[in-house]
There are 2 protein chains.
Amino acid sequence: MAETTEQASDIVEAWLKQEDAIDPHKAPRLQELLDKVPLQDLIAVVERQNAIRAALALRLLPRQKSIAVFDALDAKHQADIIDELGNSDVYEFFDELDPEDRVALLDELPAEIADRLLRSLTQSKRDVTGVVLGYDKGSVGRRMSPEVPVIHPEMSVRDALYKLRETAHELETIYTVPITREDRRLVGVVSLREIFTADAALTMADIMQEPVFAQAGDDAEETARWFLPLDMLALPVVDESHRLVGLLTWDDATDIVEEEDSEDSARAGGTEALQQPYLSTPLLKLVRSRIVWLLVLAVSALLTVQVLDSFEGTLAKAVVLSLFIPLLTGTGGNTGNQAATTVTRALALGDVRTRDLLAVMWRELRVGMLLGAVLGLAGLALATLVYGLSIGLVIGSTLFLICSISATVGGLMPIVAKTIGADPAVFSNPFISTFCDATGLIIYFLIAKTVLGI
Amino acid sequence: MAETTEQASDIVEAWLKQEDAIDPHKAPRLQELLDKVPLQDLIAVVERQNAIRAALALRLLPRQKSIAVFDALDAKHQADIIDELGNSDVYEFFDELDPEDRVALLDELPAEIADRLLRSLTQSKRDVTGVVLGYDKGSVGRRMSPEVPVIHPEMSVRDALYKLRETAHELETIYTVPITREDRRLVGVVSLREIFTADAALTMADIMQEPVFAQAGDDAEETARWFLPLDMLALPVVDESHRLVGLLTWDDATDIVEEEDSEDSARAGGTEALQQPYLSTPLLKLVRSRIVWLLVLAVSALLTVQVLDSFEGTLAKAVVLSLFIPLLTGTGGNTGNQAATTVTRALALGDVRTRDLLAVMWRELRVGMLLGAVLGLAGLALATLVYGLSIGLVIGSTLFLICSISATVGGLMPIVAKTIGADPAVFSNPFISTFCDATGLIIYFLIAKTVLGI
């Protein structure tokens, strides 16, 4: 039949959704359709399926394609699917992964299954996987490819090209070529492009450049963030004695940054990152990713009940004050969030460091005062119009103070979090809202008591 | 003197901060220090400077290094710096950029300067730049590299290698080789690695693969998002007649995704992305990136004042009700934000499409009810303990309803936004908070009036 690739992709998806086990009569037709779907759409379709259906699709795909699709999934999703696949499929998929992706998958699996999978590898593959497993989670070593070419500075362009050609099948990348001495110390780096276009009589020492490199123990996110803007294809990774132990490829660096951004944006919204496509995440997992945060925030919001309780007398005398509570706390929360979002992002990108604490506070205080002046004047005018001058004065000055304090605290929090080793995104938005709510209310009632004389 | 590279980087930064124009006597010493700082740190240091100091650092650096640093900056920052550089520097930097980066910079410059810069290019460079300029902003065509190799399917491995070697200097990448017919139609793609390791007698037709490709008019963000997980180095870009017009390289695709993520995370926090390092952003620009949002949100928060005003009678009769206002609106806002954050991210990653609207609503309704059940029971118990059963019932049932509605609306909003062509991140967090505040208060007082009989 003559479907376009898009139709084929939709039909396949609809089909997969209908049934969890496929009728054997229909399998050939589904296979025919699957064959029409381009690789990138296949990945998107499989990503949206739960583990059972994803495994079904993988089994129906031709070998090369199913390996490519499996390879492109998150480690978390891979781990879920593995339960649903036959052993021979599992071993083959596992075998085809790059060592660092293999380690990422092992991290997601129960120890017993991880063990069995490791044992299914050939000795040499187990060895390279072991190198990566030896580094801490979150370190560059854990994410690097341990398969590196051995090219020495005295080698000629001709010899280097020959050697790269012969060993290419064992290497994840041949486009970035680290140059090492006999003792494996890194002395330079040269791109395949440079070797390829250089005069055949030159040596590596002639054309290699000062290596940009990372230590295996360095933080993976920080390294990926400074490495990616350099637009290099791979970054040599060395141990403490400056010996080459691996290469961090651009695609693994991109994955690291993407994961961290997902996590940051999730946490800024008060939830944990799903690490799995939304529609294929079980309902209870969604609840679990949110309930802890929600409870923590609700408990800390009890603080606002306390604050209001202690001002109940004032409230009873001037009920009109309660009308502005959501407006004032909301504005404080928004101002604090804006500052925290900006500073969190700047920290992640390395534009701000923890030692810039005072500079950031000073900037945010001034920004907050300017914002507060604008909002305060608007609040003064509007509230005076409707509720009279004294209420107008209370609202106006409260807005000014709330904006100044919220911006300063909002800018401060991510840096404090980073200094004490917590995730800046965790500390940021939801917590700041709660904090700004409580402080804002105290300011509000203190000003109200003074101005209204109650 | 014998500074470590880190010290050198710190000294340089401190020095740059002190003065905007450098004392000519000190320039040699600063140059010596700059020479010790590795490229990635140089980029980080220059990124943190304002335009005047960044230009100063660029002028002091050796040519090759300053070009590399300039190249790595955002187009926005480049545009700011250009004002501070001498003409000859500007022309040289501009000349060295890749065509697509040149276009990104042109977009940030006043028309007059853009024109002058374009005229400074050689005819052939102006032509390739013109190709990119011909496509819409936000399209793949605008971000692709228009310099492509011309390799035909009947060419042997030996001939292809020879041709790539000869033309490498004109190409941005030689690692992904699109194969085209005489009429420039794209028929396959092969990596340099495959050509390099193949038998010299084979032809391109023997080793090439089905090309994965994009249309020049496709949306740049969507394309970058599906392309990056494929871990390919470059994506062929074709026009409507399937003729090859360029290559989207992985590093440009990474830039696109990073920009969008920055924008999304900024907007989720109720601010506009700075597109410039935080510490080098002028204070008033920070205020401007926030004030509009803050005012819009404050004006929409007037809705809550309205709602409370209309329930003032109820409030006056039971002042205790006002104590829970921030807790209830806060919880509603948090639940809504969680849902919106998750769905916004899923939309960006392509895990959820607009047609999944009903599936998402149904999921979020159930998640919201589960969350509401937990929080509602906790609220019922606590409030009953302190304020008695009737208040407990009001708080408990309000929490349940608020969570259910907020999660549903929070999940719905980003999809609605995308459907009507707005940015999901804009519609999400801050707006949802305000919406949840108002609805939450109405629910609260309706329940309170019923249960308390006032």
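Residues numbered from 1 in each chain as written. Chains lettered and ligands numbered in written order. Predicted model: local features only at pLDDT ≥ 70, side-chain atom pairs only at ≥ 80, totals over all residues. Heavy atoms only, no water.

Undergrad: Requested: an account of the overall build of chain A, with residues and values cited.
TA: Counting its regular elements, chain A contains 23 helices and five strands. In summary, chain A has a C-alpha radius of gyration of 29 Å against a globular reference of 22 Å for 454 residues, an excess of more than 25%. Across its three principal axes, chain A shows a C-alpha extent of roughly 90 × 65 × 45 Å. The proportion of buried residues among the 454 residues of chain A is 57%. As displayed, chain A offers around 18200 Å² of accessible surface, 57% of which is attributable to carbon and sulfur atoms. Here chain A carries 39 positive and 65 negative side-chain charges, and the mean point of each set is 3 Å from the other. (Helix = DSSP H or I, 4+ residues; strand = E, 2+ residues; numbered from the N terminus. Rg over C-alpha atoms; globule rule 2.2 N^0.38 Å. Buried < 20%, exposed > 50% of the residue type's maximum accessible area, 1.4 Å probe, protein only. Areas by Shrake-Rupley, 256 points an atom, 1.4 Å probe, with all protein chains shown as cover. Lys, Arg positive; Asp, Glu negative; His and termini not counted. Charge placed at Lys NZ, Arg CZ, Asp CG, Glu CD.)

Undergrad: Break down the domain arrangement of chain A for me, citing the residues and quoting the values.
TA: By a widely used convention, the size of an interface equals the accessible area lost when the partners come together. All names here are of chain A. Along its sequence, chain A is carved into domain 1 (5-138), domain 2 (157-259) and domain 3 (283-452). Facing five residues of domain 1, the contacting portion of domain 2 comprises seven residues. Interface of domain 1 and domain 2: buried area, both sides summed, is about 460 Å²; carbon and sulfur atoms make up 38% of it. Considering only the side of domain 1, the residues that lose the most area to domain 2 are E100, Y135 and G138, jointly responsible for 74% of the buried surface there. Our count for the contact surface shared by domain 1 and domain 2 stands at zero salt bridges. A per-class count over the side of domain 1 that touches domain 2 returns one nonpolar, one polar and three charged. (Domains from an automatic or database assignment. Contact = heavy atoms within 4.5 Å. Buried area = accessible area lost by both parts, 1.4 Å probe. Salt bridge = Lys/Arg side-chain N within 4 Å of Asp/Glu carboxyl O. Nonpolar A, V, L, I, M, F, W, Y, C, P; charged D, E, K, R; others polar.)

Undergrad: Describe the sheet that holds strand β4 (residues 234-238) of chain A, with residues and values.
TA: Residues and elements named next belong to chain A. Spatial ordering of the open sheet is given by β3-β4-β5, a layout of three strands whose pairing is mixed. At either margin of the open sheet sits one strand with a lone partner, and together these are β3 (214-215) and β5 (244-249). Two elements, β4 and β5, share five bridges in a ladder whose sense is antiparallel. The residue of β5 that forms the bridge with V238 is L244. Of the strands in this sheet, β3, β4 and β5 touch helix α15 (residues 220-227), which is tilted by about 140° from β4. (Pairing = 2+ DSSP bridges. Axes fitted to C-alpha atoms, helices over the stretch in contact; angles between N-to-C directions.)

Undergrad: Can you break down the interface of chain B and chain A residue by residue, with the values?
TA: Counting residues at the interface gives 113 residues for chain B, matched by 114 residues for chain A. Summed over both sides, the interface between chain B and chain A buries roughly 9700 Å², with carbon and sulfur atoms accounting for 64% of that surface. Where chain B meets chain A, there are six salt bridges. Of the residues forming the side of chain B that touches chain A, the biggest block, 17 residues, is contributed by helix α17 (residues 283-310) of chain B.

Undergrad: Tell me about α17(B), residues and numbers included.
TA: Helix length check: α17(B) (28 residues) gives 40 Å between terminal C-alpha atoms against 40 Å at 1.5 Å per residue, within 8%. Roughly 30° is the biggest bend found in α17(B), and it falls at B:R290. (Expected span 1.5 Å × (residues − 1). Bend = angle between axes of the 7 residues up to and from the residue.)

Undergrad: How would you summarise the packing of aromatic side chains if you had to cite specific residues and measurements?
TA: Residues and elements named next belong to chain A. Here the structure, examined in full by the defined rule, presents ten aromatic pairs over all chains. Measuring from centroid to centroid gives 4.9 Å for F311 and F445, while their planes differ by 15°, and the two rings are stacked. In this pair, F311 sits in the loop between α17 (283-310) and α18 (312-317) while F445 sits in helix α23 (residues 429-452), placing the two residues 134 residues apart along the sequence. In this pair, the class of F311 matches that of F445, namely buried. (Phe/Tyr/Trp six-rings, centres within 6.5 Å; stacked < 30°, edge-to-face > 60°.)

Undergrad: Let's hear about the relation of the copies chain B and chain A: which residues, and what values?
TA: Two copies of the chain are present, and they differ by a rotation about an axis and a shift along that axis. Under the fitted operation, chain B is carried onto chain A by 0.0 Å of movement along the axis and a turn of 180°, and the coordinates agree to an RMSD of 0.2 Å. Interpreted geometrically, this transformation is the action of a two-fold axis. Most of the interface of chain B is mirrored in chain A: 100% of its interface residues are interface residues there too. (Least-squares fit on C-alpha atoms with pLDDT ≥ 70 in both.)

Undergrad: Tell me what's going on with the packing of helix α5 (residues 63-72) of chain A against helix α7 (residues 87-96) of chain A, and back it up with residues and numbers.
TA: Residue and element names in this part refer to chain A. Interhelical geometry of α5 versus α7 gives an angle of 65° and a closest axis separation of 10 Å. Taken together, the axis directions place α5 and α7 in an arrangement best described as roughly perpendicular. Crossing of α5 over α7 shows right-handed handedness. Residue-level inspection shows R63, S66, I67 and F70 of α5 in contact with α7, the latter providing D89, E92, F93 and E96. In terms of residue class, the contact of α5 with α7 is built from three nonpolar, one polar and four charged. (Parallel < 35°, antiparallel > 145°, perpendicular 65-115°, else oblique. Left-handed = near helix turned anticlockwise from the far one by under 90°.)

Undergrad: Give a description of the sheet that holds strand β3 (residues 214-215) of chain B that names residues and reports values.
TA: All names here are of chain B. Taken together, the three strands give an open sheet; going across it, the order is β3-β4-β5, and neighbouring strands pair in mixed fashion. At either end of the open sheet lies a strand with only one pairing partner, and these are β3 and β5 (244-249). In this sheet, strand β4 (residues 234-238) lies alongside β3 in parallel orientation, the contact comprising two bridges. Along β4, the bridge assignment pairs A214 with V237. Packed onto the sheet, helix α15 (residues 220-227) meets β3, β4 and β5 and runs at close to 140° relative to β4.

Undergrad: Lay out a negative patch on the surface with the relevant residues and their values.
TA: A contiguous patch of negative charge on the surface is contributed by A:D231, B:D71, B:D74, B:E96 and B:D255. As for its position among the elements, B:D255 is in helix α16 (residues 250-268). (Patch = residues over 30% accessible without salt bridge, like charges linked within 9 Å, V, L, I, M, F, W, Y side chains within 5 Å.)

Undergrad: Could you give an account of the nonpolar core, naming the residues involved and the relevant values?
TA: Residues A:L192, A:I195, A:M204, B:L192, B:I195 and B:M204 are the most contacted members of the largest nonpolar core, which totals 158 residues. In contact with B:M204, not counting residues within four places along its chain, are B:I151, B:H152, B:P153, B:M155, B:S156, B:V157, B:A160, B:I179, B:V190 and B:I195. Within the second largest apolar cluster, 54 residues are counted, among which are A:A301, A:V320, B:L315 and B:L441. (Core = buried A, V, L, I, M, F, W, Y, C linked by side-chain atoms within 4.5 Å.)

Undergrad: Outline the side chain of A:T249, supporting the account with residue identities and numerical values.
TA: All names here are of chain A. Turning to its location among the elements, T249 is positioned in strand β5. Reaching out from T249, the side chain makes a polar contact with the side chain of D252 at a distance of 3.1 Å. Beyond its immediate sequence surroundings of up to four residues, T249 is in contact with E172, T173, F227, L233 and A234. (Polar contact = N/O pair within 3.5 Å; in protein donor to acceptor, adjacent residues only side chain to side chain.)

Undergrad: Give a description of the state of the cysteines that names residues and reports values.
TA: All names here are of chain A. Counting across every chain of the model gives zero disulfides over all chains. Free cysteine C403: the closest other cysteine sulfur is in C436, separated by 9.8 Å. With a relative accessible area of 0%, C403 lands in the buried category. (Disulfide = S-S within 2.5 Å.)

Undergrad: Help me get a handle on the pattern of salt bridges, residues and values and all.
TA: Summed over all chains, the structure comprises 28 salt bridges over all chains. In this structure, B:R119 and B:D115 form a salt bridge, with 3.4 Å as the shortest nitrogen-oxygen distance. With B:R119 and B:D115 both in helix α9 (residues 111-119) and four residues apart, the pair spans about one turn of that helix. Overall, the relative accessible area of 55% leaves B:R119 in the exposed class. Salt bridges sharing partners connect three or more residues here, namely A:E221, A:R225, A:R345 and B:E258.

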